[in-house]
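One letter stands for each residue in the lines below.
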Amino acid sequence: QVQLVESGGGLVQPGGSLRLSCAASGSIFSIYAMGWYRQAPGKQRELVATITSDSKPNYADSVKGRFTISRDNAKNTVYLQMNSLKSEDTAVYYCFGDVQAMGAMSTYTYWGQGTQVTVSS
């Protein structure tokens, strides 16, 4: 069994910063891509950022230059540093990981439970 647990969400004023973390645990052989999606009320879930196993990042245009994704492979953890936050960044943020579990022949995408980020004055 593999679990992803997020932390770091909360309420922040416009222009502020937050750092999200997502730690994977369980019977893990290897983790390939990891990343973050978000879903605002009444909107579809959208990609925020992804990062490959060798730390190559990819960002949505809406967050380029403001958000930074990183990972610590020794800790099976992915991070999202969010700076210059705007009200339109308000959403539930979900992390994911493409995980090959111990004894498995292929990968499976696991999701975290979501963490609320609210940007408001």
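For the structure itself, consult the block above.
Here the structure is a predicted model, which is why all the values come from computation and not from measurement.

(A) Representation of the sheet that holds strand β1 (residues 2-7) within the structure. Pairing is antiparallel in the open sheet, where 4 strands are placed in the order β1-β3-β8-β7. Since the sheet does not close on itself, it has two edges, and those belong to β1 and β7 (67-72), each with one partner. Sheet twist, expressed as the mean angle between neighbouring strand axes with direction ignored, is 15 degrees. Taken together, the 6 bridges between β7 and strand β8 (residues 77-82) define a ladder with antiparallel strand orientation. Of the residues in β8, the one forming a bridge with D72 is T77.

(B) Fine view of the nonpolar core. One finds W36, V48, F67, I69, L80, M82 and Y93 to be the most contacted residues of the largest nonpolar core, which totals 32 residues. Elements represented by at least two residues in this core include exactly β1, β3 (18-26), β4 (28-39), β5 (46-51), β7, β8, β9 (91-101) and β11 (115-119). The element best represented in this core is β9, accounting for 5 residues. Excluding its chain neighbours within four sequence positions, the residues that come into contact with M82 are G16, S17, L18, L20, R66, F67, Y93 and V117.

(C) Local environment of the pattern of salt bridges. Applying the stated rule across the entire model yields 5 salt bridges. With a closest N to O distance of 2.6 Å, R38 and E46 form a salt bridge. Take R38: its relative accessible area is 5%, and that puts it in the buried class. Of the charged contacts, one joins K64 and D61 as a salt bridge, the two residues approaching to 3.2 Å between their closest N and O atoms.

Scoring rules and cut-offs
Residues numbered from 1 in each chain as written. Predicted model: local features only at pLDDT ≥ 70, side-chain atom pairs only at ≥ 80, totals over all residues. Heavy atoms only, no water. Pairing = 2+ DSSP bridges. Helix = DSSP H or I, 4+ residues; strand = E, 2+ residues; numbered from the N terminus. Axes fitted to C-alpha atoms, helices over the stretch in contact; angles between N-to-C directions. Core = buried A, V, L, I, M, F, W, Y, C linked by side-chain atoms within 4.5 Å. Buried < 20%, exposed > 50% of the residue type's maximum accessible area, 1.4 Å probe, protein only. Contact = heavy atoms within 4.5 Å. Salt bridge = Lys/Arg side-chain N within 4 Å of Asp/Glu carboxyl O.

Function cannot be inferred from these measures alone, as they are strictly geometric.
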